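# Geometric and topological summary
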Amino acid sequence: MNFYTKSFAAVVVASLLPFAATGQNNRSTIQCGQIYTVVSGDTLGHISARAYGTSRAYTTIFDANTAVIGSNPNLIQIGQRLQIPCPPGQEPATSTARTPAAEQPAAEEEVVAVSETGQDPAPTDGPLTLTFNKTSAPKFIMNSGIIDLYLAEITEVTEGRVQFTDPDIMNRNPRDQYDLVTSGQVDGTYIFNGDLRASHPLLQLPMLPLMGGSAEQTAVSLWRLHNTYLSQTDYLDDVHLLGFIAAPAAHIWRLSDEPVVVGDNIANKNNYAVPYFEGLDTRGPAAVRDEVSMRLTAFNEESNGTLTFFMAHGAARAAGVWTDDRTVTEVPNGLYTPTFSVVLSNEAWAQISEQDRQAIWDISGERLARRSASWDAFDNGHRSHMLDTGLNAVKADDALLAELEGVTASRLEGWKNQAEALGIAGADAINAYRSDLASLQDRLIFE
């Protein structure tokens, strides 16, 4: 998907993380031992890739230029002149590098000319108002307990200079969200990562059995995975990622007093995926309950055997799956854990001043991920109510967890191969992610 860069991007700060204009990796090779001038769309990762053949050597450039860049490697400025050190044993180039004329920063008179063509530079007076599309209903926890508070905090930390409003027409189709931002129809949104499975397979890690957990636990671990590994590629160049949000993990629901047992191939038995992200939170619980009720009646579990559902506690209650006769087998790290990417368009990010971008960055990333704890509290409230009114909850035993771990191990091999195709140390990334999950195990508040 293409991002149409406006010329005012030539007067704003470029970010280290790979959220700059597309096509950056197609520029010419940078010779070590030279001076390189930062241009629009540059990141330290991209400069590193052009100089050393890998984006992961960006720290070499940062360490050599801290006096120019400052203490924050996430921000480099157009026009900065950076030393490109040579690796040990490699001789420097004999001539001084010059930024190609086509990549030179725009002169002041060029910026003025841009405004006369209708492509205005970033505003300097009055607040910058950006549109943020929300797929969920206004009162759903995703909005009321997380996103609305986060957007309000952005306005607070920027002292009102960056504000958010709803688009004229809210698009509630989750599969449209990425296109809405990259095409410029809205400035920001949150995207269900499950809908990015084809284009962004590495974001699907929490969807594997035992690879998630509580909402906060998962969102924080996914952010750390991104920050350490995924961000060193051009994985999300089309948008500017602010952070991740997660929903609580899905557990195993069945109309049976018996716990799930080994050998039942449970990882592949989700008989009905409740439309949680395009139904329960948009059309409302009543409509989805009617849908689920018709399906259960048509199947007749009493005669045909039990159905299996994977969902969080709140979803099971709201969708009408839970009854006094139904049992939930709770899996500590879940059968899958849904996550969302919170993004702005590159164009919108470019309009925000350097000062305000830093203020936004300070409350994003892991801090935004930790806001997912509100979804945990929401889900735990539903669980407590169901326990008080007859829910039969059992814990997955060691044998079942071992079986699920075997399923996960085979699927992780595919993830690792996809990561390595992008130049990421796949096994290291998986180990780091699982280590972070384990370190946040206490966030499983229902235990």
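Here the structure is a predicted model, which means the values were calculated and not measured.

## Comments concerning the overall build of the protein chain
- Along the backbone of the protein chain there are 17 helices and 13 strands.
- Buried residues in the protein chain amount to 53% of all 447 residues.
- Of the contacts formed within the protein chain by residues at least 6 apart in sequence, a portion of 80% connects residues at least 24 apart.

## Some words on the state of the cysteines
- Applying the stated criterion across every chain yields a total of one disulfide.
- Paired through a disulfide, Cys32 and Cys86 show a sulfur-sulfur distance of 2.0 Å. A torsion of 90 degrees about the S-S bond marks the disulfide between Cys32 and Cys86 as right-handed. Taken as a pair, Cys32 in the loop between β1 (13-15) and β2 (35-37) and Cys86 in the loop between β4 (81-83) and α4 (108-116) lie far apart in primary sequence, 54 residues in all.

## Examining the nonpolar core
- One finds Tyr150, Ile245, Val342 and Trp375 to be the most contacted residues of the largest nonpolar core, which totals 34 residues.
- For this core, the leading source of residues is helix α5 (residues 141-157), giving seven residues.
- In this structure, Met211, Trp223, Tyr229 and Leu230 belong to the second largest nonpolar core, which totals 31 residues.

## Examining helix α16 (residues 398-421)
- Given a rise of 1.5 Å per residue, 24 residues ought to cover 34 Å, and the 34 Å separating the end C-alpha atoms of α16 matches this to within 8%.
- Within α16 the residues assigned to the buried category are Leu400, Leu404, Thr408, Leu412, Trp415, Lys416 and Ala419.
- With its phi angle positive at about 85 degrees, Gly423 sits one or two positions after the end of α16.

## Considerations on the pairing of strand β5 (residues 128-133)
- As judged from the four bridges shared by β5 and strand β6 (residues 162-165), these two strands associate in the parallel manner. Counted as the bridge partner of Thr129 is Gln163 from β6.
- With α5 bridging β5 and the parallel β6, this β-α-β connection has right-handed handedness.
- Of the pairings in the sheet, the one linking β5 to strand β7 (residues 188-192) comprises two bridges and is parallel in character. The residue bridging Phe132 from the neighbouring strand is Gly188, located in β7.

## Regarding the packing of α5 against helix α15 (residues 373-388)
- It is the contact of α5 with α15, at a shortest axis distance of 9 Å, that shows an interaxial angle of 145 degrees. Of the two elements, α5 crosses α15, and the hand of that crossing is right-handed. Packed against α5, whose contacting residues are Ile141, Met142, Gly145 and Ile146, the element α15 presents Ser374, Trp375 and Phe378 at the interface.
- Within the contact of α5 with α15, the residues separate by chemical class into five nonpolar, two polar and no charged.

## Some remarks on the packing of aromatic side chains
- Counted by the stated rule, this structure contains nine aromatic pairs.
- Each ring, one from Phe132 and one from Phe164, has its centre 6.2 Å from the other, and the planes form 85 degrees; the classification is edge-to-face. Taken together, the residues span a long stretch of sequence, with Phe132 in strand β5 and Phe164 in strand β6 at a distance of 32 residues.
- Where Phe132 meets Tyr190, the ring centres are 6.3 Å apart and the plane angle is 45 degrees; that geometry is what we call tilted.

## What to know about helix α7 (residues 215-228)
- Taking 1.5 Å of rise per residue, 14 residues should cover 20 Å, and α7 covers 20 Å from first to last C-alpha, within 8% of that figure.
- The buried fraction of α7 is high, at 11 of 14 residues.
- Turning to α7, its buried residues are Ala215, Glu216, Gln217, Thr218, Ala219, Val220, Ser221, Leu222, Trp223, Leu225 and His226.

## What about the pattern of salt bridges?
- Scanning all chains against the criterion turns up 15 salt bridges.
- In this structure, Lys395 and Glu330 form a salt bridge, with 2.8 Å as the shortest nitrogen-oxygen distance. Placement of the pair is Lys395 in strand β13 (residues 392-395) and Glu330 in strand β11 (residues 327-330), with a sequence separation of 65 residues.
- Judged by its relative accessible area of 1%, Glu330 falls in the buried class.

## Some points on the environment of Ser341
- Looking at the element boundaries, Ser341 is found in strand β12 (residues 339-345).
- Note on Ser341: relative accessible area 2%, which makes it buried.
- The contacts of Ser341, once residues within four sequence positions are left out, are Thr189, Tyr190, Ile191, Asn193, Leu203, Leu241, Gly243 and Phe244.

## Structural notes on the confidence of the model for the protein chain
- Residues at a pLDDT of 70 or more form 78% of the protein chain, whose mean pLDDT is 80.
- Model confidence for the protein chain, summarised as mean pLDDT per element, is weakest for β1 at 28 and strongest for β6 at 98.
- Taken together, the stretch residues 1-27 has pLDDT below 50 and engages in 88 contacts with residues farther than four places along the chain or on a different chain.
- Scored below 50 in pLDDT, residues 95-124 shows 31 contacts in the model against residues more than four places distant or in partner chains.

## Here we look at the sheet that holds β7
- Read across the sheet, five strands follow the order β6-β5-β7-β12-β8 without closing on themselves; strand pairing throughout is mixed. Of all the strands in the sheet, the pair left with one neighbour each is β6 and β8 (239-246). Put simply, the sheet's adjacent strands are angled 30 degrees from each other on average, direction ignored.
- The sheet contacts of α7 involve β8 and β12, and relative to β8 the element is tilted by about 150 degrees.

How each quantity is defined
- Residues numbered from 1 in each chain as written.
- Predicted model: local features only at pLDDT ≥ 70, side-chain atom pairs only at ≥ 80, totals over all residues.
- Heavy atoms only, no water.
- Helix = DSSP H or I, 4+ residues; strand = E, 2+ residues; numbered from the N terminus.
- Buried < 20%, exposed > 50% of the residue type's maximum accessible area, 1.4 Å probe, protein only.
- Contact = heavy atoms within 4.5 Å.
- Disulfide = S-S within 2.5 Å.
- Core = buried A, V, L, I, M, F, W, Y, C linked by side-chain atoms within 4.5 Å.
- Expected span 1.5 Å × (residues − 1).
- Pairing = 2+ DSSP bridges.
- Right-handed = clockwise from strand over helix to strand, strands pointing away.
- Axes fitted to C-alpha atoms, helices over the stretch in contact; angles between N-to-C directions.
- Left-handed = near helix turned anticlockwise from the far one by under 90°.
- Nonpolar A, V, L, I, M, F, W, Y, C, P; charged D, E, K, R; others polar.
- Phe/Tyr/Trp six-rings, centres within 6.5 Å; stacked < 30°, edge-to-face > 60°.
- Salt bridge = Lys/Arg side-chain N within 4 Å of Asp/Glu carboxyl O.
- pLDDT = per-residue confidence, 0-100.

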